[in-house]
Amino acid sequence: MTEFFQSLGMSYEWAWGVATISGILLIALPLMLAVAMIIYVDRKVWAAINLRRGPNVVGPFGLLQSFADGLKVFLQETIIPSAANKGIFILAPIVTFTVALAAWAVIPFSATAVLANINVGLLYILAISSLSVYGVVMAGWASNSKYPFFSAMRAAAQMISYEVSIGFILVSVVLYAGTFNLNEIVMAQKGHGFGIVNGYVFNLLLFPMWVMFFISSLAETQRVPFDLTEAESELVAGYQTEYSSMSFALFWLGEYANILLMCMLNALLFFGGWLPPIDWAPLYYVPGIVWLLLKAFFFFFMFSWVMATVPRYRYDQLMRLGWKVFLPISLLFVVLISGWLMATGHYGAAA
Amino acid sequence: MIQTIAFYMFAVLVIASAVMVITARNPVHSVLWLILAFFNAAGLMVLVGAEFIAMLLVIVYVGAVAVLFLFVVMMLDIDVAELRAGFVRNFPLGIVIALVLLAELVLGIGAYQVGAIELGTPMASDAPAMLESNTGAIGALLYTKYLFLFEAAGLILLVAMIGAIVLTHRPPKTKRGHQDIGKQNRRNPDEATQMKQPTVGKGVEL
């Protein structure tokens with residue numbers, strides 16, 4: 001894109017600046033729209049499973065419900081508790097929202113459509129997702145209130161626990177792909193399953209890793225059944241109890257942007273990203289972004305499905321699952337996968 | 001031009017937030033400033049082309065160490081006045097540490113002017129790998145030239161981990177509060193409940 005702006009007669013620096021900013025806007029604005037629509041989808045799926053109608057009043061089929069909610073929230077008064085730590089209280093939702101958006105910089109939407117095609121893309125995502133705990137912890141502490149603080153403590157422990165197993169799962173994908181670059185990881189999945197299907201999930205060694213990754217991504221985004229940070233039966237609304245108006249909306253948007261990111265990662269790392277599901281030439285005429293969005297949407301449906309069917313975990317069960325089940329299994333599979341790769345002579349092919 | 005602006009932005013932010021770490025009155029604020037400093041240091045590393053180290057810095061320090069730090073500091077009930085009293089008492093020790101650090105800085109700058117350090121000089125077999133991405137280059141060095149040091153570091157970490165577990169692990173003294181997950185999962189309605197048909201006016205014997 002820089003070349004395009006340079007051809008309009010700008011100097012390199014200006015062209016780079018304008019290209020970067022327009023690239024950011026090209027990702028962030030559709031993402032915000034997608035978040036608004038995906039909240040609607042979430043509520044509709046949830047309602048359908050509960051045999052309810054869900055939002056159906058605002059706009060055709062209730063499609064504009066999220067925008068109505070957004071407007072309502074925007075017009076509310078922002079309340080800052082008098083005992084709160086004002087600076088951090090205001091900063092917390094901003095951090096949550098910014099971090100949720102920042103991770104999207106390295107997501108490849110097709111072979112060429114990626115804002116920052118860096119070599120350490122997957123590490124970048126891991127780094128950014130480990131930052132997202134700060135928004136919650138800061139909010140919980142700055143509110144100076146019991147329940148938000150409990151929620152912040154839970155969030156910190158939960159996210160650290162599941163990040164460990166997510167790290168090992170990503171390592172096993174990286175071992176197969178031989179790179180941290182997300183585009184190259186997608187390309188490495190081409191024809192991976194018997195030369196017919198694209199995606200690491202068709203690999204017998206990586207399939208269990210995908211199952212664990214899916215469950216860990218539920219825990220990482222604090223979705224049901226791991227939504228102990230905002231368990232409404234115990235903690236009112238968790239860390240966002242004291243928040244109102246736009247600061248509340250920023251938490252909400254950040255949370256769903258993170259959920260979409262995790263859906264995208266499921267699609268990119270295990271289901272062939274922007275490659276069509278079957279390695280068959282005519283399917284490549286469909287633009288890659290369509291496949292990617294379809295896959296991500298499928299995973300979002302699974303997220304909603306889980307939300308509507310599964311009861312909440314108890315906190316000690318959550319910790320047990322993370323540390324005593326996922327961590328040993330993922331560690332075992334890292335060893336198994338690297339052993340398999342050594343035995344079959346993949347080692348050294350990419351390095 | 002862009003690099004210059006980015007460098008000065010990161011550099012100024014690192015120093016400013018480092019100063020704020022020691023001047024902030026609230027310990028939680030100090031930790032948050034420290035996180036900002038880590039983050040900007042990672043930015044500086046990206047600028048010199050060490051993106052792998054930069055990402056590790058964020059993952060390890062910001063994502064894990066600082067979270068635990070924040071965790072502990074938030075739960076402590078810290079009396080600022082008491083800390084001030086400690087400041088006067090520990091002042092001589094602080095001066096000594098400051099002097100040591102100053103001496104190290106002077107030595108470091110002196111050593112810098114002597115010439116480049118040839119620590120990571122690759123062996124002939126590693127040379128092609130060095131031309132690749134810096135993740136590959138670090139891997140090639142760690143698993144060939146510095147293999148022994150790398151494994152020794154791993155062993156030390158393992159010992160530290162086991163030590164932490166040994167220090168904190170207490171076997172349950174009584175059965176109270178102890179859960180047998182397998183036993184809980186094996187329970188079924190037939191053995192966990194009894195059907196009783198009490199007649200009117202009589203209680204139930206369990």
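The structure presented is a predicted model; accordingly, all values stated were derived computationally and were not measured. (Residues numbered from 1 in each chain as written. Chains lettered and ligands numbered in written order. Predicted model: local features only at pLDDT ≥ 70, side-chain atom pairs only at ≥ 80, totals over all residues. Heavy atoms only, no water.)

Observations concerning the overall build of chain A
Reasoning step 1: When helices and strands are tallied, chain A shows 12 helices and 0 strands.
Reasoning step 2: Taken from the N to the C terminus, the helices and strands of chain A come in the order α-α-α-α-α-α-α-α-α-α-α-α.
Reasoning step 3: Principal-axis analysis of the C-alpha atoms places the extent of chain A at approximately 65 × 60 × 40 Å.
Reasoning step 4: For chain A, the centre of its 15 positive side-chain charges and the centre of its 16 negative side-chain charges are spaced 10 Å apart. (Helix = DSSP H or I, 4+ residues; strand = E, 2+ residues; numbered from the N terminus. Lys, Arg positive; Asp, Glu negative; His and termini not counted. Charge placed at Lys NZ, Arg CZ, Asp CG, Glu CD.)

Observations concerning unusual backbone geometry
All names here are of chain A.
Reasoning step 1: In this structure, L51 is a non-glycine residue whose phi angle is positive, near 60 degrees.
Reasoning step 2: Checked against the element boundaries, L51 lands in the loop between helix 2 (12-49) and helix 3 (65-75).
Reasoning step 3: A positive phi is found at N144, a non-glycine position, where the angle reads about 55 degrees.

A few points about the packing of helix 8 (residues 207-220) of chain A against helix 10 (residues 245-270) of chain A
Residues and elements named next belong to chain A.
Reasoning step 1: As a packed pair, helix 8 and helix 10 sit with axes 10 Å apart at the nearest point and diverge in direction by 165 degrees. Comparing their axes, helix 10 and helix 8 come out roughly antiparallel. Between helix 8 and helix 10 lies a crossing whose hand is right-handed. Residues M209, W210, F213, F214, S217 and E220 of helix 8 touch helix 10, and the partners they reach there are M262, L265, N266, L269 and F270.
Reasoning step 2: Classifying every residue of the contact of helix 8 with helix 10 gives 8 nonpolar, 2 polar and 1 charged. (Axes fitted to C-alpha atoms, helices over the stretch in contact; angles between N-to-C directions. Parallel < 35°, antiparallel > 145°, perpendicular 65-115°, else oblique. Left-handed = near helix turned anticlockwise from the far one by under 90°. Contact = heavy atoms within 4.5 Å. Nonpolar A, V, L, I, M, F, W, Y, C, P; charged D, E, K, R; others polar.)

Some thoughts on the environment of G238(A)
Residue and element names in this part refer to chain A.
Reasoning step 1: Within the element layout of this structure, G238 appears in the loop between helix 9 (232-235) and helix 10.
Reasoning step 2: Of the residues examined, G238 reaches a relative accessible area of 0% and is grouped as buried.
Reasoning step 3: Through-space distance from the C-alpha of G238 to that of V114 is 35 Å; in sequence the pair is 124 residues apart.
Reasoning step 4: Beyond its immediate chain neighbours, meaning those up to four positions away, G238 contacts P148, S151, T229 and E230. (Buried < 20%, exposed > 50% of the residue type's maximum accessible area, 1.4 Å probe, protein only.)

Let's talk about the pattern of salt bridges
Residues and elements named next belong to chain A.
Reasoning step 1: As enumerated under the stated definition, the model contains 4 salt bridges over all chains in all.
Reasoning step 2: Between R223 and D42 there is a salt bridge, with the nearest N and O atoms lying 3.0 Å from each other. Of this pair, R223 sits in the loop between helix 8 and helix 9 while D42 sits in helix 2, and the two are 181 residues apart along the sequence. (Salt bridge = Lys/Arg side-chain N within 4 Å of Asp/Glu carboxyl O.)

Considerations on the interface of chain B and chain A
Reasoning step 1: Contacts between the two partners involve 28 residues from chain B, matched on the other side by 27 residues from chain A.
Reasoning step 2: Of the roughly 2400 Å² buried between chain B and chain A on both sides combined, carbon and sulfur atoms contribute 79%.
Reasoning step 3: In terms of surface lost to chain A, no three residues of chain B exceed I2(B), M55(B) and M74(B), which account for 23% of the buried area on that side.
Reasoning step 4: Applying the counting rule to chain B against chain A returns 0 salt bridges.
Reasoning step 5: Here chain B is connected to chain A by 3 residue pairs in polar contact (both at pLDDT 80 or more).
Reasoning step 6: With 14 residues, the top contributor of residues to the side of chain B that touches chain A is helix 3 (residues 51-75) of chain B.
Reasoning step 7: For the side of chain B that touches chain A, the residue count by class is 19 nonpolar, 7 polar and 2 charged. (Buried area = accessible area lost by both parts, 1.4 Å probe. Polar contact = N/O pair within 3.5 Å; in protein donor to acceptor, adjacent residues only side chain to side chain.)

Thoughts on the nonpolar core
Residue and element names in this part refer to chain A.
Reasoning step 1: Judged by nonpolar contacts, the single largest core of 119 residues is most densely connected at W104, Y134, F213, L269 and F270.
Reasoning step 2: Broken down by element, the residue count for this core peaks at 16 residues, all from helix 5 (residues 121-142).
Reasoning step 3: Leaving out residues up to four positions away in the same chain, W104 has contacts with I27, L31, F109, A257, L260, L261 and M264. (Core = buried A, V, L, I, M, F, W, Y, C linked by side-chain atoms within 4.5 Å.)

A look at the confidence of the model for chain B
Residue and element names in this part refer to chain B.
Reasoning step 1: Residue-level pLDDT values for chain B average 80, and 83% of them are 70 or greater.
Reasoning step 2: Per-element averaging of pLDDT across chain B places helix 6 (residues 127-130) at the bottom with 46 and helix 8 (residues 147-168) at the top with 91.
Reasoning step 3: In the predicted structure, residues 120-130 sits below a pLDDT of 50 and forms 14 contacts with residues beyond four places in sequence or in another chain.
Reasoning step 4: Scored as a whole, the predicted complex attains pTM 0.81, and scored at its interfaces, ipTM 0.80. (pLDDT = per-residue confidence, 0-100.)

Some remarks on the packing of aromatic side chains
Residues and elements named next belong to chain A.
Reasoning step 1: The tally for this structure, following the rule as stated, stands at 25 aromatic pairs over all chains.
Reasoning step 2: Consider the rings of Y162 and F326, whose centres lie 6.3 Å apart with planes at 90 degrees: the pair is edge-to-face. Of this pair, Y162 sits in helix 6 (residues 146-177) while F326 sits in helix 12 (residues 315-343), and the two are 164 residues apart along the sequence. Note on accessibility: Y162 and F326 belong to one class, buried.
Reasoning step 3: One aromatic cluster is present, formed by F207, W210, F214, F271, F298, F299 and F303 through successive ring pairs. (Phe/Tyr/Trp six-rings, centres within 6.5 Å; stacked < 30°, edge-to-face > 60°.)

As for the side chain of S304(A)
Reasoning step 1: Along the chain, the position of S304(A) falls in helix 11 (residues 288-309).
Reasoning step 2: With residues near it in sequence (within four places) discarded, S304(A) still touches D42(A), V45(A) and R223(A).

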